[in-house]
Amino acid sequence: MAPVPAAPTDKSMAGTSVQANVIISKYTDHLPLHRQERIYARMGVPIARLDHGRLDRQIGAPLSRSPICWPSASSPPMPCRLTRHRCRCCSRAAARPARPTQGLPHPAQRRAAGRVFDFAMSAAAKSTLNRMLKDFTGILQADGYAGHNETLRRQAVTEAGCLAHARRKFVEVYEATKSPVAQEAIKRIAALYRLEHAFDDAQPGGTVLDRERWRQTHTVPLLDALHQWLAATHAKAAPRSALAKAIQYALNRWAALTRFAKDGRLPLDTNAVENALRPVALGRRNWTFAGSEAGGRRAAQMYSLIISATMNGHEPLAYITDILERLPTARMRDLESMLPWNWRAPAGIDVQAELAKPAEPLILTPN
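So, here's what we can say about the structure. (Residues numbered from 1 in each chain as written. Predicted model: local features only at pLDDT ≥ 70, side-chain atom pairs only at ≥ 80, totals over all residues. Heavy atoms only, no water.)

So, the overall build of the chain
The secondary structure content of the chain amounts to 16 helices and six strands. The burial tally for the chain puts 47% of its 367 residues in the buried class. A sequence separation of at least 24 residues applies to 66% of the contacts in the chain between residues at least 6 apart. Summing over all exposed atoms, the chain offers an accessible surface of approximately 19100 Å²; the carbon and sulfur share of this is 54%. (Helix = DSSP H or I, 4+ residues; strand = E, 2+ residues; numbered from the N terminus. Buried < 20%, exposed > 50% of the residue type's maximum accessible area, 1.4 Å probe, protein only. Contact = heavy atoms within 4.5 Å. Areas by Shrake-Rupley, 256 points an atom, 1.4 Å probe, with all protein chains shown as cover.)

A short note on unusual backbone geometry
With phi around 55°, Lys178 is a residue other than glycine that occupies positive phi space. Its location among the elements puts Lys178 in the loop between helix H6 (163–177) and helix H7 (180–202).

Digging into the pattern of salt bridges
All chains considered together, the criterion is met by seven salt bridges. Arg211 is the partner of Asp200 in a salt bridge, and the nearest nitrogen-oxygen pair spans 2.6 Å. Taken together, the positions of Asp200 in helix H7 and Arg211 in helix H8 (residues 208–236) put the pair eleven residues apart, joining distant regions of the chain. Among the salt bridges present, the one from Arg326 reaches Asp322, with a minimum N-O distance of 3.2 Å. Taken as a pair, Arg326 and Asp322 lie in helix H14 (residues 316–326) at a separation of four residues, close to a single helical turn. On the accessibility criterion, Asp322 (8% relative accessible area) is buried. The network of salt bridges with common partners includes Glu196, Asp200, Arg211 and Arg215. (Salt bridge = Lys/Arg side-chain N within 4 Å of Asp/Glu carboxyl O.)

Focus on the nonpolar core
Among the nonpolar cores identified, the biggest contains 28 residues, and Phe170, Leu192, Leu223, Leu226, Leu230 and Leu243 are the most heavily contacted of them. Secondary-structure elements contributing two or more residues to this core are H6, H7, H8, helix H9 (242–252) and helix H10 (254–257). Residues within four places of Phe170 in sequence aside, it is in contact with Ala182, Ala185, Ile186, Ile189, Leu230, Leu243, Ala246 and Ile247. Formed by 27 residues, the second largest nonpolar core is a distinct cluster that contains Ile23, Ile24, Ala276 and Ala299. (Core = buried A, V, L, I, M, F, W, Y, C linked by side-chain atoms within 4.5 Å.)

Digging into the environment of Ala299
In this structure, Ala299 sits in helix H13 (residues 293–311). C-alpha separation for the pair Ala299 and Phe119, spaced 180 residues apart in sequence, amounts to 8.4 Å.

Observations regarding helix H2 (residues 33–42)
Residue pairs spaced three or four apart in an α-helix point in one direction, given the helix's 3.6 residues per turn. All buried positions along H2 are accounted for by Leu33, Gln36 and Tyr40. In an axial view of H2, the angular spread of the buried residues amounts to 50°, which keeps them on one side of the axis. (Arc of directions from axis to C-beta.)

Some details on the packing of H6 against H9
Relative to each other, H6 and H9 sit at 170°, their axes nearing to 9 Å. Comparing their axes, H9 and H6 come out roughly antiparallel. Contacts from His165, Ala166, Lys169, Phe170 and Val173 of H6 reach H9 at Ala242, Leu243, Ala246, Ile247 and Tyr249. Per-class residue counts for the contact of H6 with H9 are eight nonpolar, one polar and one charged. (Axes fitted to C-alpha atoms, helices over the stretch in contact; angles between N-to-C directions. Parallel < 35°, antiparallel > 145°, perpendicular 65-115°, else oblique. Nonpolar A, V, L, I, M, F, W, Y, C, P; charged D, E, K, R; others polar.)

Observations regarding the packing of aromatic side chains
Under the defined criterion, the tally for this structure stands at three aromatic pairs. When the centroid spacing of 5.4 Å and the interplanar angle of 80° are considered together, the rings of Tyr27 and Tyr303 count as edge-to-face. Highlighted residues: Tyr27 in helix H1 (residues 16–27) and Tyr303 in helix H13, separated in sequence by 276 residues. Its relative accessible area of 0% is what places Tyr303 among the buried residues. Between the aromatic rings of Tyr319 and Trp343, the centroid separation amounts to 5.2 Å while the plane-to-plane angle is 85°, which identifies the pairing as edge-to-face. You can see Tyr319 sitting in helix H14 and its partner Trp343 sitting in the loop between helix H15 (335–338) and helix H16 (351–356), a full 24 residues away along the chain. Residue Tyr319 is classed as buried on the basis of its relative accessible area of 1%. In this structure Trp343 comes out as buried when scored by relative accessible area, which is 3%. Its guanidinium or amino end placed over the ring of Tyr249, Lys169 lies 4.9 Å from that ring's centre, counting from NZ or CZ. (Phe/Tyr/Trp six-rings, centres within 6.5 Å; stacked < 30°, edge-to-face > 60°. Lys NZ or Arg CZ within 6 Å of the ring centre and 35° of its normal.)

A closer look at H9
Of the positions making up H9, those classed as buried are Leu243, Ala244, Ala246, Ile247, Tyr249 and Ala250. As for H9, its buried residues are in contact with H6, H7, H8 and H10.

Topic: the packing of H7 against H8
The geometry of a pair of packed helices is captured by two quantities: the angle between their axes and the separation between those axes. Close contact between H7 and H8 brings their axes to 10 Å; oriented N to C, the two are set at 175°. Judged on the interaxial angle alone, H8 and H7 are roughly antiparallel. Contacts between H7 and H8 involve Val181, Glu184, Ala185, Arg188, Ile189, Ala191, Leu192, Leu195, Glu196, Ala198, Phe199 and Asp200 from the first element and Asp210, Arg211, Trp214, Arg215, His218, Thr219, Leu222, Leu223, Ala225, Leu226, Trp229 and Thr233 from the second. Class assignment of the residues belonging to the contact of H7 with H8 gives a composition of 14 nonpolar, three polar and seven charged.

Any functional reading would require information beyond the geometric quantities listed.
Take a look at the structure:
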């Protein structure tokens, strides 16, 4: 007999393309395992739901080597069904890596390297975030959530704010009252975003230093004018009105909100990170819950890897398939090149042509 090729999991019942399809279908296309069972059955390949779950567990082990990164957003809840049929909320946090972003262009030119999701058997997002950030040093860009306060009190951590959250306060006031003052605040904040887009159009290959110079020349004067206008308007507003609270929110966080003007690596807001959380919400709606704590952690690892690959412009199925094929024989020095921000499609392979091929037949092993 010919030697059996190395497989990512011992005694696996399926080839790497089938394994990759199961993972991508669940975590990218949000198909729960019982729907995948029916799809494969229509193709003439009956795979029991139990075997689908076994594949999910088998693949999770070799793909669980995601790095801890630069967190910058809070988490949506996900129910978890335990063996005793009790449900508890689980927390996830999205993150942007610290290492891969150092010295890189602004995310508008090159998307930061990845996202990290975490899972905890607790409804308290605060404790989860503090655990993730206990060794973190650098810039923490967040939305003013009180759960970050413990981390921000450390001298090695600098706070950066989210301009979109400050804007959202004024949008809520305008939608409720049609206040011309709130509308003016929205227009002034919109002007800051237009300047960012103008830089991207004027200097598409601009560096971090180029962006910092642009902001010092064009953005800082608008920020100074906005601050003066907010202070003057706050003095005239009714003390306990929604408008006064919106202005106070911006003034209290002004140093953090304007941190981006001095650091070209920082975006104006955390929208990119919040957008990365949307697949979690879609998946939760379709497959409803994580079956156990281990299943929740496995889902967090999969989301980290797949969404990071997508952010770096990779087709996730091609990426996962290649990683599964290479992991069994990979050495420690090879792992760095397999991370989503370093990975390159194998030379001589047309990714789109490979995706167009039918999936390889299921390989069953005797009991």
